[in-house]
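Results of the structural survey
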Amino acid sequence: MANRTDKDARSIHGTNPQNLIEKITRNKIYASVYWKKDCFGLSAETLVDKAVELKYVGGMTGEPQRPTEFMCLILKMLQIQPDKEIIIEFIKNDDYKYVRLLGAYYLRLVGKAYDVYTYLEPLYNDFRRVRLAQADGSFALAHVDEVVDDMLRRDYLFDVALPHIPLRHLLEKAGTLEPRVSLLDEDEVERAIAEAEAQAAEAAEETAAAREQLQAAAGAEERRERERERERERSRERARERELDLERTRERERERELERERERERERDRERGRDRDRERGGATAAGSAARSAAATATGSTSASGATATAGVTGTASATTGASATSAGATRTGAAAAPQQQPQQQPKQKQEPGAPRTAVAVGQPL
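Throughout this document, residue positions are counted from 1 along each chain, in the order its sequence is written. Per-residue local features of the predicted model are confined to residues with pLDDT of at least 70, and side-chain atom pairs are confined, for both listing and counting, to 80 or more; whole-chain, interface and lining totals are unaffected and use all residues. In computing side-chain properties, one takes all heavy atoms of the structure into account and sets aside hydrogens as well as water.

A few words on the overall build of the chain. Helix and strand definitions here come from DSSP, where helices need a minimum of 4 consecutive H or I residues and strands a minimum of 2 consecutive E residues; each element is numbered from the N-terminal end. If you tally the helices and strands in the chain, you get 11 helices and six strands. Any two residues whose heavy atoms approach within 4.5 Å are treated as being in contact. Put simply, 62% of the contacts in the chain that link residues at least 6 apart link residues at least 24 apart. Surface exposure here means Shrake-Rupley accessible area, sampled with a 1.4 Å probe, where a residue is shielded only by the protein chains that are shown. Total accessible area computed for the chain in this model is approximately 24500 Å², and 53% of it derives from carbon and sulfur atoms.

Right, dumping it as structure tokens:
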């Protein structure tokens, strides 16, 4: 049902309007996604919205060959057969060039020779550029007047065989058409040149504005890149400073530790020196006490010898005095050298009649 021609549609050139497109191409259009999704249920009023969305013209394109949106809408127009006034409005539309080409191609398929020349020849004055889909899937640049000229001169366009129409000069001879007035007169040429110059100036201005925008964008991007590079450099510099500070901190810690170790070593050396001084002072005091005791003992012995020479009578007194003197010397020596313990001398047997001799403490026998 969706692929059938409208029941109110008239036959074109003695056949169903959809038969103007070859069956293979028509079947590919029926199988396309655009036909099923966007062309289903379209009417003459809603067809305009889809026509405005066209971005290029062409027949079958790509590999595998698939129909363009332009051809799908052409088949839909053949199916619903919109009024002639709607097609003429499509052709006269100056705002949308693809809508104009859609109406012109449909009129070329279904229109009579007089209507085709009457409504398509004014499009020779439209020099706007259009995109033309190629069979290999690429796009070519063309102009509206070139596409219209192909519609009037060629027999096969957009993978569709165009209906035959008489040549223009034959229609002029038959009096059906008036001779076509060319735009190549002076006024029209000047106007065309002025329009071309204006379009060129506008295009140059647009190009310059676009170039300035690109340069501004490039400059802004370059400035942002330089700023990011400076920020990265500052980050690296801060990281290096932190590393240097950490290294200097470690070095100071090591120096302080070494200084503390040296200080402890010096303290141990001073402590050992004080110990040696104390030991040396004790030994010196002991030697001094021994020398003092020895001197005292020597003096006592000399006094005892003199007393014995004076006579036997004073022996006892002298002996007693020597003993007292010796005892006093012993006590004196003990007081002078309390650290040295006196050596206990063995008692000698005193012979009868012999003089008593005082023995100093610490003196060898």
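What follows is about helix α5 (residues 84–92). Residue exposure (1.4 Å probe, protein chains only): buried if accessible area is under 20% of the type maximum, exposed if over 50%, otherwise partly exposed. Along α5, the residues classified as buried are Ile87, Ile88, Phe90 and Ile91. All buried residues of α5 lie within an arc of 155 degrees about the axis, which places them on one face of the element. More than 90 degrees from the buried face of α5, the exposed residues found are Glu85, Glu89 and Lys92. The directions considered for the arc are those from the helix axis to the C-beta atoms.

A few words now on the packing of aromatic side chains. Between 30 and 60 degrees the pair is tilted, below 30 it is stacked and above 60 it is edge-to-face, where a pair is any two Phe, Tyr or Trp rings, Trp via its six-membered ring, whose centres lie within 6.5 Å. Under the criterion given, the structure shown has five aromatic pairs. Geometrically, the ring pair formed by Tyr30 and Trp35 is tilted, given 5.6 Å between the ring centres and 55 degrees between the ring planes. We note that Tyr30, like Trp35, is buried. Centre to centre, the rings of Phe70 and Phe158 are 5.6 Å apart; their planes meet at 80 degrees, and the pair counts as edge-to-face. Taken together, the residues span a long stretch of sequence, with Phe70 in helix α4 (residues 69–80) and Phe158 in the loop between β5 (156–157) and β6 (160–161) at a distance of 88 residues. Considered together, Phe70 and Phe158 belong to a single accessibility category, that of buried residues.

Next up on the list: the pairing of strand β3 (residues 129–133). Strand pairing requires that DSSP identify at least two bridges connecting the strands. Where β3 meets strand β4 (residues 139–143), five bridges bridge the pair, whose relative direction is antiparallel. The residue bridging Leu132 from the neighbouring strand is Ala140, located in β4. As consecutive antiparallel partners, β3 and β4 are separated by five residues, and within that stretch Gly137 has a phi angle of approximately 95 degrees, a positive value.

This part covers the state of the cysteines. The disulfide criterion is simple: two cysteine sulfur atoms within 2.5 Å. As enumerated under the stated definition, the model contains zero disulfides in all. Cys39 takes part in no disulfide bond, and the closest cysteine sulfur to it belongs to Cys72, at a distance of 5.3 Å. We classify Cys39 as buried; its relative accessible area is 0%. Taking the relative accessible area as the measure of exposure, Cys72 reaches 1% and is therefore buried.

Examined against the element boundaries, Arg100 turns out to sit in helix α6 (residues 97–110). Given the relative accessible area of 8%, Arg100 is considered buried. Contacts described as polar in this section are N or O atom pairs within 3.5 Å, which, within protein, must combine one atom able to donate a hydrogen with one able to accept it, while residues neighboring in sequence count only if both atoms come from side chains. A distance of 2.8 Å separates a polar side-chain atom of Arg100 from the backbone oxygen of Ile91. Sequence-distant contacts of Arg100, that is, excluding residues within four places in its chain, are made with Phe90, Ile91, Lys92, Asn93, Asp94, Leu123, Asp126 and Arg128.

For any two helices packed against each other, the geometry is given by the interaxial angle and the distance between the axes. Helix axes are fitted only over the stretch in contact, all axes being lines through C-alpha atoms; the angle between N-to-C directions runs from 0 to 180 degrees. The interhelical angle for the contact between helix α7 (residues 113–120) and helix α8 (residues 144–153), taken along N-to-C directions, is 165 degrees, at an axis separation of 11 Å. By the criterion of interaxial angle, the relationship of α7 to α8 is roughly antiparallel. Read as a crossing pair, α7 and α8 show a hand that is left-handed. Note on element contacts: α8 touches α7 through Val148, Met151 and Leu152, opposite Val116, Tyr117 and Leu120. Grouping the amino acids of the contact of α7 with α8 by side-chain chemistry returns six nonpolar, no polar and no charged. For this classification, under 35 degrees means roughly parallel, over 145 means roughly antiparallel, 65 to 115 means roughly perpendicular, and everything else is oblique. In this scheme the crossing of two helices becomes right-handed for a clockwise turn of the near helix relative to the far one and left-handed for an anticlockwise turn of less than a right angle. In this count, Pro and Cys sit with the nonpolar residues alongside Ala, Val, Leu, Ile, Met, Phe, Trp and Tyr, while Asp, Glu, Lys and Arg are called charged and the others, Gly among them, polar.

Bringing a negative patch on the surface into the picture now. Residues enter a patch when their relative accessible area is above 30% and they make no salt bridge; the linking distance is 9 Å between like charges and 5 Å between nonpolar side chains (Val, Leu, Ile, Met, Phe, Trp, Tyr). A side-chain nitrogen of Lys or Arg and a carboxyl oxygen of Asp or Glu constitute a salt bridge if their distance falls within 4 Å. When charges are counted, Lys and Arg contribute as positive and Asp and Glu as negative, whereas His and the chain ends are disregarded. Taken as the charge location is NZ of Lys, CZ of Arg, CG of Asp or CD of Glu. Side chains of Glu45, Asp83, Glu85 and Glu89 sit close together on the surface and give a patch of like negative charge. In this fold, Glu89 is placed in helix α5.

Next up on the list: the pattern of salt bridges. For the structure on display, the rule yields 44 salt bridges. Glu263 is the salt-bridge partner of Arg266, the closest N and O atoms lying 2.6 Å from each other. Residue Arg266 and its partner Glu263 are both found in helix α10 (residues 186–310); the two are separated by three residues, about one turn of the helix. Glu263 sits in the partly exposed class, given a relative accessible area of 37%. Across the pair Arg280 and Asp277 runs a salt bridge whose closest N-O atoms are separated by 3.0 Å. Note that Arg280 and Asp277 are positioned in helix α10 at a spacing of three residues, about one turn of the helix. Among the residues examined, Asp277 registers a relative accessible area of 47% and is labelled partly exposed. Connected through shared salt-bridge partners, Glu221, Arg224, Glu225, Arg228, Glu229, Arg232, Glu233, Arg236, Glu237 and Arg240 make up one network.

Before going further, it helps to spend a moment on the side chain of Ser32. For Ser32, the position within the fold is in the loop between α1 (23–31) and α2 (33–38). The class of Ser32 is buried, set by a relative accessible area of 12%. Within polar-contact distance, the side chain of Ser32 engages the backbone nitrogen of Trp35 at 3.3 Å. When neighbours within four sequence positions are excluded, Ser32 is seen to be in contact with Pro67 and Cys72.

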